[in-house]
Amino acid sequence: MPKKKSRGNPNFMKSIQRPVVWAVAVLFGVGIIWWSVAQYIGSGSQGNQQNTGATVNFSETVGGLTKDGTPLSDPNYWITYSEYETSVRDTLTNLRSQGYTLDPYFEMENYPSEMGIRYDIFMSLIDQKTLLLYATENEVLPTTAQVESETKRIVDQYVADEETRSAIIYQYGSVDAFSALIKDYVATQLLTVNVTNKAIPDMNNRFQTFVEENLEGLKFDYERVDADHILVSDEASAVEIKAMIENGEVSFAEAATRYSIDTGTAASGGALGEFRRGEMVPEFEDASFDATPGVLVGPVESQFGYHLILVNNKSTFDSFEEFVNTPSYQTEMNQFENAEFDKWIAEYRVENNLSHVINDPDLQMYSKYDEARRDRQEAKRFLEELESDYFDESGNVLIGESYLPVVFYTQLVEDEVTNLRYQVFDLEDLEDLLLALPATATSMSIEDINDQLETIPATNTELRSVLSEAKRAREYMTEFSVESLEEVQEMLADKRKTYDETNSRFESSVRYLYSVMPNSTKVVNYMYQIDGNNPEVAYMYNENSYNMNVRPLLENPALLDSYLQYYSQYFGAQARSLLIDSPIQSIEGDLNRKVINSTEAATDLKISALYLLVDIYEKMANLEQNEPLMEIYLMAEKHYLEKLLEFNPEDETIRSLIETIEFYISELNASQTIDATETADSTEFETSSDIDLDTEVTPGELSVPFEIEAPSQIGDVDLDVSLDSEGPNETNN
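Sequence order as written defines the numbering, with residues in each chain counted from 1. For a predicted model such as this one, the threshold for reporting local features is a pLDDT of at least 70, and the threshold for listing and counting side-chain atom pairs is 80 or more; totals across whole chains, interfaces and linings nevertheless cover every residue. Side-chain numbers here rest on the full set of heavy atoms in the structure, without hydrogens or water.

(A) Representation of the overall build of the chain within the structure. What the chain contains, in helices and strands, is 30 helices and ten strands. For the chain, buried positions account for 44% of its 733 residues. We get accessible surface area from the Shrake-Rupley algorithm with a probe of 1.4 Å; when it comes to residues, only the shown protein chains can shield them. For the chain, the accessible surface area stands at approximately 38500 Å², while carbon and sulfur atoms represent 47% of it. Segments assigned H or I by DSSP are reported as helices when at least four residues long, segments assigned E as strands when at least two residues long, and all are numbered from the N terminus. We call a residue buried when its accessible area falls under 20% of the maximum for its residue type, exposed when it is over 50%, and partly exposed in between, using a 1.4 Å probe and counting protein chains only.

(B) Region of the structure containing the environment of tyrosine 348. Within the fold, tyrosine 348 resides in helix H16 (residues 328–351). Since its relative accessible area comes to 7%, tyrosine 348 is described here as buried. Dropping the residues within four chain positions of it, tyrosine 348 is found in contact with Thr130, Leu133, Tyr134, Glu137 and Leu354. Contact between two residues is taken to exist if any of their heavy atoms lie within 4.5 Å; hydrogens are not considered.

(C) View of the nonpolar core. Buried Ala, Val, Leu, Ile, Met, Phe, Trp, Tyr and Cys residues that are joined via side-chain atoms within 4.5 Å together make up what is termed a nonpolar core. Residues Tyr84, Trp344, Phe408, Ile580 and Ile616 are the most contacted members of the largest nonpolar core, which totals 144 residues. Considering every element that reaches this core, the biggest residue donor is helix H19 (residues 404–436), with 14 residues. Not counting the four nearest positions on each side in its chain, tryptophan 344 is found in contact with Leu131, Tyr134, Val195, Ala199 and Ile200. Judged by nonpolar contacts, the second largest core, of 14 residues, contains Ala238, Ile245, Val250 and Ala255.

(D) Spotlight on unusual backbone geometry. Following glycine 298, the chain continues to proline 299 via a peptide bond in cis, the omega torsion being 5°. By the element assignment, proline 299 lies in strand S6 (residues 296–302). At aspartate 68, a residue that is not glycine, the phi angle is positive and equals roughly 55°. By the element assignment, aspartate 68 lies in the loop between strand S1 (63–67) and strand S2 (70–71).

(E) Representation of the side chain of aspartate 103 in the model. Within the element layout of this structure, aspartate 103 appears in the loop between helix H4 (81–97) and helix H5 (114–137). Within this scheme the basic residues Lys and Arg register as positive and the acidic residues Asp and Glu register as negative, but His and the chain ends are omitted. Any carboxyl oxygen of Asp or Glu within 4 Å of a side-chain nitrogen of Lys or Arg constitutes a salt bridge here. This buried residue, aspartate 103, is left without a salt bridge; lysine 522 holds the nearest opposite charge, at 9.4 Å. The term polar contact refers here to a pair of N or O atoms within 3.5 Å; inside protein, the definition further demands a hydrogen-donor-capable atom paired with an acceptor-capable atom, and it admits residues adjacent in sequence only when both atoms are side-chain atoms. Here tyrosine 105 takes part through its backbone nitrogen, which lies 2.8 Å from a polar atom of the side chain of aspartate 103. In terms of polar contacts, aspartate 103 uses its side chain to reach the backbone amide nitrogen of phenylalanine 106, at 2.9 Å.

(F) A look at the pairing of S1. Within S1, four of the five residues are buried, leaving the element largely enclosed by the surrounding structure. A pair of strands counts as paired when DSSP detects no fewer than two bridges linking them. Bridge analysis of S1 against strand S3 (residues 78–79) gives two bridges, and the strand direction is antiparallel. Considered in S3, the bridge of glycine 63 is made with isoleucine 79. As paired elements, S1 and strand S8 (residues 354–358) share five bridges and run antiparallel to each other.

(G) Representation of helix H29 (residues 627–647). Along its 21 residues, H29 runs 31 Å from first to last C-alpha, staying within 8% of the 30 Å computed at 1.5 Å per residue. A side-chain oxygen of the first residue of H29 lies 3.0 Å from the backbone nitrogen of leucine 629; this N-cap is asparagine 626. A helix's residues, less one, multiplied by 1.5 Å, set its expected span.

(H) The arrangement of the sheet that holds strand S5 (residues 271–276) in detail. Strand order across the open sheet formed by four strands is S5-S4-S7-S6, with antiparallel pairing between neighbours. The open sheet is flanked by S5 and S6, the only strands paired with a single partner. On average, each strand axis in the sheet is inclined to that of its neighbour by 40°, with strand direction left out of account. Judged from the nine bridges that link them, strand S4 (residues 224–232) and strand S7 (residues 305–315) form a sheet pairing that is antiparallel. Bridge pairing in S7 links arginine 224 to serine 315. Seen against the sheet, helix H11 (residues 235–246) touches S4, S6 and S7 and runs at an angle of roughly 170° to S6. Lines are fitted to the C-alpha atoms to define the axes, a helix being fitted only along its stretch in contact, and any angle between axes, read from their N-to-C directions, falls within 0 to 180 degrees.

(I) Main features of the environment of isoleucine 632. Structurally, the position occupied by isoleucine 632 is in helix H29. Given a relative accessible area of 7%, isoleucine 632 falls into the buried group. A sequence separation of eleven residues divides isoleucine 632 from alanine 621, and the C-alpha atoms of the two residues are 8.3 Å apart.

(J) Up close: helix H27 (residues 575–596). In this model H27 runs 29 Å from its N-terminal to its C-terminal C-alpha over 22 residues, within 8% of the 32 Å that 1.5 Å per residue would give. Its axis deflected by about 35° at aspartate 581, H27 carries its strongest bend there, up to four residues before the proline proline 583. For H27, the buried fraction is high: 17 of the 22 residues fall into the buried class. Note on bend: at a given residue it equals the angle between the axes fitted to the 7 residues ending there and to the 7 starting there.

(K) Region of interest: the pattern of salt bridges. Summed over the entire model, instances satisfying the criterion amount to 37 salt bridges. In this structure, the salt-bridge partner of arginine 277 is glutamate 223, at a minimum N-O distance of 2.7 Å. Here the residue arginine 277 occupies a position in the loop between S5 and helix H14 (282–290), and glutamate 223 occupies one in the loop between helix H10 (215–222) and S4, the gap between them amounting to 54 residues. By relative accessible area, arginine 277 is classed as buried at 18%. Overall, the relative accessible area of 0% leaves glutamate 223 in the buried class. If you follow the salt bridges from partner to partner, you end up with Lys219, Glu223, Arg277, Glu285 and Asp318 in one network.

Right, dumping it as structure tokens:
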């Protein structure tokens with residue numbers, strides 16, 4: 001089928017920094033709640049005194065704005081701990097209420113850490129203070145009347161519906177409390193709107209110019225087609241099938257199911273789903289985007305064969321006016337406004353020599369880390385600073401007041417260890433090449449080698465191989481700025497030493513973190529890298545992997561279906577294997593090798609591993625509709641329950657579960673026997689009518705979560721499953 005390209009996940013932080021709808025964001029979204037602006041507007045300019053009756057010195061705050069390198073004297077431009085912690089609390093509460101689980105220190109996949117959230121909140125508050133300064137200087141602060149009017153409008157809109165009103169009271173305690181929250185939020189949004197209108201008054205004209213100048217790129221990003229296709233190997237077949245469809249002899253979906261050689265889409269009537277430009281091969285893309293919805297197109301030739309294409313619907317545009325009417329307009333407009341606003345505020349700070357100071361030690365540390373991961377040279381400097389301050393001469397961690405330095409060191413040095421490891425591998429490869437190749441070849445320049453390769457016949461494979469290897473050697477030598485074997489060997493010795501020392505500190509930092517935060521998923525992942533055979537580490541790693549990646553899918557069939565539909569676009573019939581079967585095989589194999597069958601694992605750990613596998617196969621059996629597979633999963637569950645019974649021979653609950661599973665298996669066997677008998681009778685009747693039946697079952701037709709070999713195994717469970725099949729074995733990985 002025309003191959004789709006995988007797309008990256010959206011930036012999580014953008015979604016929490018840029019609320020789209022005011023009240024909805026407060027109720028259901030992850031918008032960060034600010035309230036210093038509303039307090040400022042409501043009190044004139046009485047100062048940012050969060051604790052009544054208390055005077056706060058700048059040094060006692062989280063930080064604040066500076067001008068010409070000096071903190072502004074007006075406390076309204078400082079960030080107090082009360083203001084900061086309130087914003088942090090509200091944001092984290094919102095995130096948790098939506099099911100986000102954030103690690104206190106480590107980013108996980110697309111999720112930021114809580115520490116990262118804290119830093120982003122501080123920087124967003126600095127942005128708010130900057131806007132407040134501009135609005136005050138340019139007299140565009142929202143008035144109290146504006147804030148109260150907009151707040152009333154939003155609150156009235158929601159409480160007019162009795163069901164929504166009840167939900168608000170349940171969530172916030174009262175309508176007044178909800179109204180106060182909305183007021184704080186509205187004040188900040190009005191401030192942003194007023195400043196934007198003052199500072200960038202021609203935003204709409206700028207955006208139209210941007211769209212017109214970047215129309216082709218926007219078409220690539222946003223144009224979409226939803227289409228079905230039929231793929232055959234020759235043009236004549238495509239023409240014949242097209243005629244059958246147009247004559248009404250068969251529907252497009254029926255024809256796709258019968259004739260398409262694209263096994264990933266044939267079963268679904270040829271449905272490809274929605275795709276954008278660049279995701280299909282050029283011939284297929286051009287035909288699809290040029291087609292009229294509902295009109296059969298083709299045959300279209302591509303590297304895969306001949307396609308018949310039926311476009312269901314499409315979203316395309318050729319001008320700004322057409323783009324305005326697409327769903328993508330508002331998305332792009334928001335991004336453009338954000339970019340223009342960020343550009344303006346950066347210029348405003350430079351023109352007025354504005355910056356900020358961070359007083360909080362943890363935020364100071366995070367600021368250095370944030371800069372280090374953006375700049376390789378800064379990362380090197382920061383790592384040297386951390387090594388000097390937090391490691392002794394032997395590479396052991398020096399315990400301090402905060403875990404953050406070791407956390408940041410571990411994350412940054414992991415990349416350094418990886419880079420050093422690859423450099424060592426490359427230098428070892430270069431050393432081998434220089435030892436094996438003649439000096440006359442390795443002394444040639446890359447240009448001379450390329451000239452030689454153009455003139456040497458393809459039949460002279462030996463000489464061409466020598467020159468190709470010499471070219472690879474010269475590329476290494478250019479990369480590492482070396483010219484002789486002696487220089488390579490000297491550099492290799494230095495790199496090995498540096499790698500060993502750096503890796504030793506990395507392992508030391510990981511072991512320290514594991515000792516103080518053993519339940520951190522990221523720390524467990526690090527430990528698995530350096531000590532994956534440790535039974536405790538192996539169990540925790542696999543338990544985390546199951547709970548994060550597999551269990552949610554097994555417990556929620558609707559979620560699994562949505563994932564399967566999405567990944568089937570890229571992996572076809574292998575989507576289930578990718579999401580469920582392969583991860584479970586990996587978890588089961590690891591637990592059996594490193595925990596259950598290990599002589600070093602504690603009994604309690606073995607029991608935990610067995611319960612985990614019982615849980616996996618119970619959920620697999622409950623999810624499965626295919627009776628033979630359901631029986632296999634039940635047998636696996638029964639096997640691990642029997643192993644548990646060996647540790648707890650008096651446990652009647654386990655014994656009862658085994659008996660229940662045996663009953664289910666007997667019922668499945670009885671059902672399959674009846675089905676087989678009915679099939680045999682039907683076959684006998686039909687074959688007597690001289691109808692040829694293809695009754696052979698091939699590996700591709702029966703998807704099982706293990707290699708099709710006899711005997712088959714799940715973990716260490718011997719299953720007597722014989723499949724009457726021929727052809728190459730197929731592994732569903």
